[in-house]
Amino acid sequence: MREQTEEYGPAVLAEAERVLALLRAAELRVVTAESCTGGLVAGALTHFAGSSDVTEGGFVTYSNGMKQAVLGVQASTLAAHGAVSAQTVEQMAEGALNACSSAGVAVSISGIAGPGGGSVDKPVGLVWFATALRGGPTCADQQIFSGDRVQVREQAVLHALRLVSARLLHL
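Residues numbered from 1 in each chain as written. Predicted model: local features only at pLDDT ≥ 70, side-chain atom pairs only at ≥ 80, totals over all residues. Heavy atoms only, no water.

**What to know about the overall build of the chain**
Logical step 1: The helix and strand tally for the chain stands at six helices and five strands.
Logical step 2: Its helices and strands taken in sequence order, the chain reads α-β-α-β-α-α-α-β-β-β-α from the N to the C terminus.
Logical step 3: A principal-axis box enclosing the C-alpha atoms of the chain has dimensions of 45 × 35 × 25 Å.
Logical step 4: Evaluated residue by residue, the chain yields a buried proportion of 49% over its 171 residues.
Logical step 5: Once local pairs closer than 6 in sequence are excluded, the contacts in the chain between residues at least 24 apart make up 63%.
Logical step 6: Accessible surface for the chain amounts to roughly 7700 Å². Of this, 53% is attributable to carbon and sulfur atoms. (Helix = DSSP H or I, 4+ residues; strand = E, 2+ residues; numbered from the N terminus. Buried < 20%, exposed > 50% of the residue type's maximum accessible area, 1.4 Å probe, protein only. Contact = heavy atoms within 4.5 Å. Areas by Shrake-Rupley, 256 points an atom, 1.4 Å probe, with all protein chains shown as cover.)

Structural data, given as structure tokens:
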């Protein structure tokens, strides 16, 4: 697999372009809250000129302290479930919406991209996602991706974009 750069693979770019079109059709704006992907989802969306009409921006909250301070993730959630959990990504997505009043949809990601940091319960490649709609439910999803750090992060970006597309298609 190629080294991760500012350029994205064709599947990621196609899905990002689809998300932008769906956001325009729904007249919604998106905000991202990313941990293990470090802003790559926001980067894929803003790859396209004119994306500012539906993309608010993103939060990169890699540390637990940033998740708490910026997105309002509860210390008790982190203590009980860890940073890589459904509960944490749900609070991240909801916190991003709370911090960005003009956004109507949020996507969040937290995972273990590797090569280290995994455990029996939370292996390398485990990534949790959440999508939140303003005035609607927040939905969490988990995936376990294979490959090296670059591959896990790229797969996570693609999956996050697909989750946003799915939520927008079912409005």
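**Section: the environment of valine 89**
Logical step 1: With respect to the element layout, valine 89 can be found in helix 5 (residues 86–99).
Logical step 2: Accessibility expressed as a relative area gives 0% for valine 89, which makes it buried.
Logical step 3: When the C-alpha atoms of valine 89 and valine 73 are compared, they prove to be 8.6 Å apart, with 16 residues separating the residues in sequence.
Logical step 4: Contact partners of valine 89, with chain neighbours within four places excluded, come to Ser108, Ile109, Ser110, Trp128, Phe129, Ala130 and Ala140.

**Describing the state of the cysteines**
Logical step 1: Tallied over the entire structure, the rule returns zero disulfides.
Logical step 2: No disulfide involves cysteine 36; its nearest neighbouring cysteine sulfur is the one of cysteine 139, lying 19 Å away.
Logical step 3: The class for cysteine 36 is buried, based on a relative accessible area of 3%.
Logical step 4: Assessed through its relative accessible area of 35%, cysteine 139 is described here as partly exposed. (Disulfide = S-S within 2.5 Å.)

**With respect to the pairing of strand 5 (residues 138–144)**
Logical step 1: Where strand 4 (residues 126–133) lies against strand 5, seven bridges are found, and the strand directions are antiparallel. Looking at strand 5, one finds that tryptophan 128 is bridged to glutamine 142.
Logical step 2: In sequence, strand 4 turns back onto strand 5 through a hairpin of four residues, with glycine 135 there showing a positive phi of about 80°. (Pairing = 2+ DSSP bridges.)

**Some thoughts on the nonpolar core**
Logical step 1: Membership of the largest hydrophobic core comes to 33 residues, with the highest contact counts inside it found for Val41, Leu45, Val127, Phe129 and Leu161.
Logical step 2: Within the residue set of this core, elements represented by two or more residues are helix 1 (10–26), helix 2 (40–45), strand 3 (105–111), strand 4 and helix 6 (149–169).
Logical step 3: Ignoring anything within four residues of it in the chain, the contact list for leucine 161 reads Val12, Glu15, Ala16, Val19, Val41, Ala44 and Leu45.
Logical step 4: Counting 21 residues, the second largest nonpolar core, distinct from the first, contains Val73, Met92, Ala106 and Trp128. (Core = buried A, V, L, I, M, F, W, Y, C linked by side-chain atoms within 4.5 Å.)

**Describing helix 6**
Within an α-helix, residues lying three or four positions from one another point in the same direction, as the helix has 3.6 residues per turn.
Logical step 1: Relative to the 30 Å expected for 21 residues at 1.5 Å per residue, helix 6 spans 30 Å between its end C-alpha atoms, a close match to the ideal helical length.
Logical step 2: A distance of 3.1 Å separates the backbone nitrogen of valine 150 from a side-chain oxygen at the start of helix 6, and that oxygen is part of aspartate 148. (Expected span 1.5 Å × (residues − 1). Polar contact = N/O pair within 3.5 Å; in protein donor to acceptor, adjacent residues only side chain to side chain.)

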